[in-house]
Amino acid sequence: MKKLIVILAAGATLALPVATAVYSAAHSNPFSAHIAARQGQMNIQSFNIGVLGGMARGNTEYDADAAQTAADNLAALAMMDGRALWPEGSDNAALGDATRALPAIWEDMGAFGAEWQAYGEAVSGMQDAAGGGLEALQAAMGPLGSSCGSCHEDFRQSNN
């Protein structure tokens, strides 16, 4: 019994600094929930674009139902009003590595909104094409990829 108490006390002692650091990090960034939500949205978009891209490149067999589902998922995300996810001050200049969102988003919110609208139009084109055959899907990938790349080029810190 005494050994168990010593082990538990040692574990608690070792866990306290970790718990304190996690608590401090979560509370030192008032935008952690916003950033997590928008990164989650981007991950879902990336997953669905990956499904479509895999088919377009021939890495996976074309499946009209799966392609349409992925395109419909992208359309649902594109229709979401995400303005609440982008509070001023939640950029990488203010928060460092917590986000790759560049301050340019808030410096020109109109251009950022235009990029989102262009993405929505590209997604709509994909939604119209995805279930209509491999060639239609492949043709719609160009505008979709260009839209993603354009926004990332202007408003997201590069991997480099």
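The following refers to the structure shown. None of these values were measured; they are calculated from a predicted model.

In this structure, the largest pocket occupies an estimated 860 Å³ of space. Elements with a minimum of two residues in the lining of the largest pocket: helix 2 (32–57), helix 6 (109–129) and helix 7 (134–155). For the lining of the largest pocket, the element with the most residues is helix 2, which contributes nine residues. Taken together, the residues of the lining of the largest pocket break down into 14 nonpolar, ten polar and six charged.

One way to put it is that helix 2 packs onto helix 6 with a least axis distance of 13 Å and a crossing angle of 35°. Regarding helix 2 and helix 6, the two cross each other, and that crossing is left-handed. Each of Q41, Q45, I49 and L52 in helix 2 lies in contact with helix 6, whose residues at this interface are W116, Y119 and M126. Split by residue class, the contact of helix 2 with helix 6 holds five nonpolar, two polar and no charged.

Of all hydrophobic cores here, the largest spans 21 residues; its most connected members are L52, Y119, M126, L137, M141 and L144. For this core, the secondary-structure elements that each account for two or more residues are helix 2, helix 3 (64–79), helix 6 and helix 7. No other element matches the six residues that helix 3 contributes to this core. Each residue touching Y119, except ones within four places of it in the same chain, is listed here: Q45, I49, L74, A78, L144, S147 and C148. Residues L85, A101, C151 and F155 belong to the second largest nonpolar core, which totals eight residues.

We now examine the side chain of N48. Tracing the chain through its elements places N48 in helix 2. For N48, a relative accessible area of 5% translates into the label buried.

On to the environment of G82. Mapped onto the secondary structure, G82 falls in the loop between helix 3 and helix 4 (92–95). Residue class for G82 comes out buried when judged on its relative accessible area of 18%. Between the C-alpha atom of G82 and that of H34, which follows or precedes it by 48 residues, the distance is 9.9 Å.

Conventions adopted
Residues numbered from 1 in each chain as written. Predicted model: local features only at pLDDT ≥ 70, side-chain atom pairs only at ≥ 80, totals over all residues. Heavy atoms only, no water. 1 Å grid on protein atoms, 1.4 Å probe; cavity = no way out; pocket = protein on both sides within 12 Å on 5 of 7 lines; lining within 4 Å. Points joined across faces, edges and corners; volume = space filled by probe spheres on them. Helix = DSSP H or I, 4+ residues; strand = E, 2+ residues; numbered from the N terminus. Nonpolar A, V, L, I, M, F, W, Y, C, P; charged D, E, K, R; others polar. Axes fitted to C-alpha atoms, helices over the stretch in contact; angles between N-to-C directions. Left-handed = near helix turned anticlockwise from the far one by under 90°. Contact = heavy atoms within 4.5 Å. Core = buried A, V, L, I, M, F, W, Y, C linked by side-chain atoms within 4.5 Å. Buried < 20%, exposed > 50% of the residue type's maximum accessible area, 1.4 Å probe, protein only.

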